[in-house]
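# Commentary on secondary and tertiary structure
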Amino acid sequence: MTEIQTPRLLLRRWHDDDLVPMAEINADPEVMQWIGDGSVRDLEQTAEAIERWEDEWDEEGFGLFAVELLASGELAGFVGLSVPHFLPEVLPAVEIGWRLGRPFWGQGYASEAAHASLEFALQDRGLDRVISIARLGNDASENVMRKLGMVLEHETTHPEFGYPLHVYAIDLTEYQA
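Let me sum up the structure you'll find in this document. Predicted, not measured: the structure shown is a model, and the values here were computed from it.

Definitions and cut-offs
- As a convention, each chain's residues are numbered from 1 in the sequence order in which they are written.
- Per-residue local features of the predicted model are confined to residues with pLDDT of at least 70, and side-chain atom pairs are confined, for both listing and counting, to 80 or more; whole-chain, interface and lining totals are unaffected and use all residues.
- Heavy atoms from the whole structure form the basis of all side-chain values; hydrogens and water molecules are not counted.
- For this analysis, a ring pair means two rings from Phe, Tyr or Trp (six-membered ring only for Trp) whose centres lie within 6.5 Å, classed as stacked if their planes differ by under 30 degrees, edge-to-face if by over 60, and tilted for the remaining angles.
- Each helix corresponds to a stretch of at least 4 residues labelled H or I by DSSP, and each strand to a stretch of at least 2 residues labelled E; elements are numbered beginning at the N terminus.
- The buried label goes to any residue with under 20% of its type's maximum accessible area, the exposed label to any with over 50%, and the partly exposed label to all in between, with areas taken from a 1.4 Å probe on protein chains only.
- Only when the NZ atom of a Lys or the CZ atom of an Arg is both within 6 Å of the ring centre and within 35 degrees of the ring normal do we say a charge sits over the ring.
- DSSP bridges decide pairing: two strands pair if at least two such bridges lie between them.
- Starting at the helix axis, one direction is taken to each C-beta atom, and the arc is that of these directions.
- Should any heavy atoms of two residues lie within 4.5 Å, those residues are counted as being in contact.
- Here, nonpolar core refers to any group of buried Ala, Val, Leu, Ile, Met, Phe, Trp, Tyr and Cys residues whose side-chain atoms link them within 4.5 Å.
- A side-chain nitrogen of Lys or Arg and a carboxyl oxygen of Asp or Glu constitute a salt bridge if their distance falls within 4 Å.
- Within the patch definition used here, like charges are joined within 9 Å and nonpolar side chains (Val, Leu, Ile, Met, Phe, Trp, Tyr) within 5 Å, considering only residues with over 30% relative accessible area and no salt bridge.
- Only the protein chains shown count as cover for residues, and the accessible areas themselves come from Shrake-Rupley with a 1.4 Å probe.
- Only four residue types enter the tally: Lys and Arg on the positive side, Asp and Glu on the negative side, with His and both chain ends excluded.
- Taken as the charge location is NZ of Lys, CZ of Arg, CG of Asp or CD of Glu.

## A few points about the packing of aromatic side chains
- This model, assessed by the stated rule, comprises seven aromatic pairs.
- Note on tryptophan 14 and tryptophan 53: the rings are 5.1 Å apart at their centroids and 40° apart in plane angle, and the pair reads as tilted. Placement of the pair is tryptophan 14 in the loop between β2 (9-12) and α1 (19-26) and tryptophan 53 in helix α3 (residues 43-60), with a sequence separation of 39 residues. An identical accessibility class is assigned to tryptophan 14 and tryptophan 53; each is buried.
- Measuring from centroid to centroid gives 6.1 Å for phenylalanine 161 and tyrosine 163, while their planes differ by 15°, and the two rings are stacked.
- What makes phenylalanine 161 partly exposed here is its relative accessible area of 35%.
- The aromatic ring of tyrosine 163 is capped on one face by arginine 135, whose charged end is 3.7 Å from the ring centroid.

Have a look at this one:
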């Protein structure tokens, strides 16, 4: 299953017409402040990222879902599963992550889509554990992690950029949807 419908959202694979709205999200400095080195991404970098996300679907059987609002058809961003290669100390692991445009913040969309992604991880992909990684200070993402039932497992340092990270985890065998 590579499409999930929640009460307000459609989680699906990527379409060509997702490139421009996702590039607009990636071009927002406030959205990107917690990602990597904090720099924004342009259209070409976004196209490359979407291609990598789709490749991960093909290689791993999971990936980052495009998140579409059912009411309007707007692309809100992404939520889904990926392998956190940037942090080798946690491997092998599967991470749940999200990135939504600012107009979609504070409305529960990240939590709603992430809950559906955890169910997908457990029921459709048979994963028994999922982690999530947040830069220290990214309180909004850490709040979503706690809403998912994840617990802080440890603190570490980003191997490339040197800032502190929190690693949360959840045992999906105990997950209550």
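## Points about the pairing of strand β3 (residues 64-69)
- For β3, the tally of buried residues reaches six of six residues, placing the bulk of the element in the interior.
- Side chains Leu64, Ala66 and Glu68 project from β3 onto one buried face, and the interleaved Phe65, Val67 and Leu69 project onto a second face that is buried too.
- Judged from the four bridges that link them, β2 and β3 form a sheet pairing that is antiparallel. When the sheet's bridge partners are listed, leucine 11 is paired in β3 with valine 67.
- Hairpin connection of β3 to strand β4 (residues 75-82): five residues between the antiparallel strands, including glycine 73 at a positive phi of 80°.

## Let's talk about α1
- For α1, the set of buried residues is Met22, Ala23, Ile25 and Asn26. In an axial view of α1, the angular spread of the buried residues amounts to 155°, which keeps them on one side of the axis.
- Against the buried residues of α1 lie α2 (29-32), α3, β4 and β5 (95-100).

## So, the nonpolar core
- With 35 residues, the main nonpolar core has Leu11, Leu81, Ile96, Trp98, Val130, Leu148 and Met150 as its most contacted residues.
- Where this core is concerned, the elements lending two or more residues are β2, β3, β4, β5, α4 (109-124), β6 (129-135), α5 (139-147) and β8 (164-171).
- Sorting elements by how many residues they give to this core places α4 first, with eight residues.
- When near neighbours in sequence (up to four residues on either side) are disregarded, methionine 150 contacts Ile96, Val130, Ile131, Ser132, Met145, Tyr168, Ala169 and Ile170.
- Of all hydrophobic cores here, the second largest spans twelve residues; its members include Trp14, Ala49, Trp53 and Phe78.

## What to know about the pattern of salt bridges
- This structure, assessed with the given rule, holds nine salt bridges.
- The partner of glutamate 54 in a salt bridge is arginine 13, with the nearest N and O atoms 2.8 Å apart. Residue glutamate 54 is found in helix α3, and its partner arginine 13 is found in the loop between β2 and α1; the two are separated by 41 residues along the sequence.
- With a relative accessible area of 21%, arginine 13 lands in the partly exposed category.
- A cluster of three or more residues bridged by salt bridges with shared partners is formed by Arg12, Asp18 and Glu68.

## Considering a negative patch on the surface
- On the surface, Asp42, Glu44, Glu48, Glu51, Asp55, Glu59 and Glu60 cluster together into a negatively charged patch.
- On the basis of relative accessible area, glutamate 59 is assigned to the exposed category, the value being 63%.

The quantities given are spatial measurements derived from coordinates; they are silent on function.
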